[in-house]
Amino acid sequence: MSESRFLRMLSWALLALLVGGIAWAGIWRLEGGRWERVETASMGSVAPVNTLLWVEPARFSDLRVGDFITFHPPGHPDVTYSHRVHVINPDGTIGTKGEITPPDPWTITSKDLVGKVVMRWKGVGWLVVAAPLLLVGGLLLWLAVWRIREPRWRLPTTVVGAALILSLAIVVYRPLIQAEQLGFSSVPGGARATYVSTGLLPVRLQAYRGEHADLGDGHVGTVLVTQRDGNGRYGITMRPHIPPWWWLVLVLACFVPALWTLVVGLPSEVEPKRRRAAS
């Protein structure tokens, strides 16, 4: 398969995917659905920070304990929460609660309900936040590639440019490695710290010269710190804790350009091959 034909097929496939996604989202919105991005860690691993929630209208009388709902706290129509139904009171009002937080200090009624969560797309919320940068960068990249007269340089420019745009978005919005402290209390002989991971990649919390806790996105962990660092403080460090299969995927991804070269050929070889085939 020639490079130009491959790019043409890829472009049409991406266009079809984009059009289909826009049509699906439009139908969802017309039917009363909406989207909410999780901004706090209260739902733990059920809906970690930067999860995109798909919320559809629901009847208040149909809600049951354990349902994942979106609502406005009483008296705050401009604020939105997404928690589980914790209790249904005798007067018909509902109490709510996050997965890793105490029960909420309010009760909600039908006028506070936004809808019921029916889908959770973990990690997609950060793409919503980064969308302006990604769209502007993509447009600038398209203009740059369009101005390249030599066809053989368009694909390499696209790949490098896309990687730079994505890297810039990761640096600016930092979605990969994050953690939020939930508690820090003194105990005999040290201190106990509790954290929740709010990044996309697994992390390891390491107490200074002590124990550690490995956390996935939205998971909660506690470490006991018994020794102080050089500044006289109880120190805790955080670093990525990527499993071996992640490294395997990354290594294989590094060989994609080599595989492309074996299949398509080097840029300087492509045109001569086409001319020989035409003759």
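On a predicted model such as this, the values are computed, not experimentally measured, just so you know. (Residues numbered from 1 in each chain as written. Predicted model: local features only at pLDDT ≥ 70, side-chain atom pairs only at ≥ 80, totals over all residues. Heavy atoms only, no water.)

Draft legend 1. Broad picture of the overall build of the chain. Summing up its helical and strand segments, the chain has six helices and 13 strands in all. Within the chain, buried positions represent 30% of all 279 residues. Within the chain, contacts between residues at least 6 apart in sequence are counted, and of these 55% link residues at least 24 apart. Counting every atom, the chain has about 17,500 Å² of accessible surface; 63% of that belongs to carbon and sulfur. (Helix = DSSP H or I, 4+ residues; strand = E, 2+ residues; numbered from the N terminus. Buried < 20%, exposed > 50% of the residue type's maximum accessible area, 1.4 Å probe, protein only. Contact = heavy atoms within 4.5 Å. Areas by Shrake-Rupley, 256 points an atom, 1.4 Å probe, with all protein chains shown as cover.)

Draft legend 2. Broad picture of the sheet that holds strand E7 (residues 113-121). Read across the sheet, seven strands follow the order E1-E2-E7-E3-E4-E5-E6 without closing on themselves; strand pairing throughout is antiparallel. Looking along the sheet, the strands with just one partner apiece sit at the ends: strand E1 (34-37) and strand E6 (103-108). Averaged over all pairs of adjacent strands, the angle between strand axes in this sheet comes to 45°, irrespective of strand direction. Here strand E2 (residues 52-56) pairs with E7 via five bridges, running antiparallel. Its bridge partner lying in E7, Trp54 is registered against Met119. (Pairing = 2+ DSSP bridges. Axes fitted to C-alpha atoms, helices over the stretch in contact; angles between N-to-C directions.)

Draft legend 3. Highlighting the pairing of strand E4 (residues 81-88). Judged from the four bridges that link them, strand E3 (residues 68-71) and E4 form a sheet pairing that is antiparallel. Looking at E4, one finds that Ile69 is bridged to His83. As paired elements, E4 and strand E5 (residues 94-97) share four bridges and run antiparallel to each other. Bridged to Ile88 within E5 is Ile94. From the end of E4 to the start of E5, which pair antiparallel, there are five residues, and Gly92 there has a positive phi angle of about 95°.

Draft legend 4. The arrangement of the confidence of the model for the chain in detail. Confidence in the prediction of the chain, expressed as mean pLDDT, is 86, and 90% of residues score 70 or more. Looking across the chain, the model is least confident in helix H6 (residues 267-278), with a mean pLDDT of 52, and most confident in E3, with 97. (pLDDT = per-residue confidence, 0-100.)

Draft legend 5. Here's a closer look at a nonpolar patch on the surface. Taken together, the side chains of Val136, Leu139, Leu140, Trp142, Leu143 and Trp146 make up a nonpolar region of the molecular surface, amounting to roughly 690 Å² of accessible area. Take Trp146: it is sitting in helix H2 (residues 125-146). Taking the relative accessible area as the measure of exposure, Trp146 reaches 60% and is therefore exposed. (Patch = residues over 30% accessible without salt bridge, like charges linked within 9 Å, V, L, I, M, F, W, Y side chains within 5 Å. Salt bridge = Lys/Arg side-chain N within 4 Å of Asp/Glu carboxyl O.)

Draft legend 6. Fine view of the pattern of salt bridges. On inspection of all chains with the given rule, the structure shows seven salt bridges. Across the pair Arg34 and Glu36 runs a salt bridge whose closest N-O atoms are separated by 2.6 Å. Since its relative accessible area comes to 29%, Arg34 is described here as partly exposed. The partner of Arg84 in a salt bridge is Glu99, and the shortest N-O contact between them spans 2.6 Å. Taken together, the residues span a long stretch of sequence, with Arg84 in strand E4 and Glu99 in the loop between E5 and E6 at a distance of 15 residues.

Draft legend 7. Just the sheet that holds strand E8 (residues 179-187), in detail. The sheet built from three strands is open, its strands ordered E8-E9-E12 with antiparallel pairing. In the strand order of this sheet, the two ends are held by E8 and strand E12 (220-225), each with one partner. Between one strand axis and the next, the sheet turns through 20° on average, direction left out of account. Across eight bridges, E8 lies against strand E9 (residues 190-197) in antiparallel orientation. Opposite Val187, over in E9, you have Gly190 as the bridge partner.

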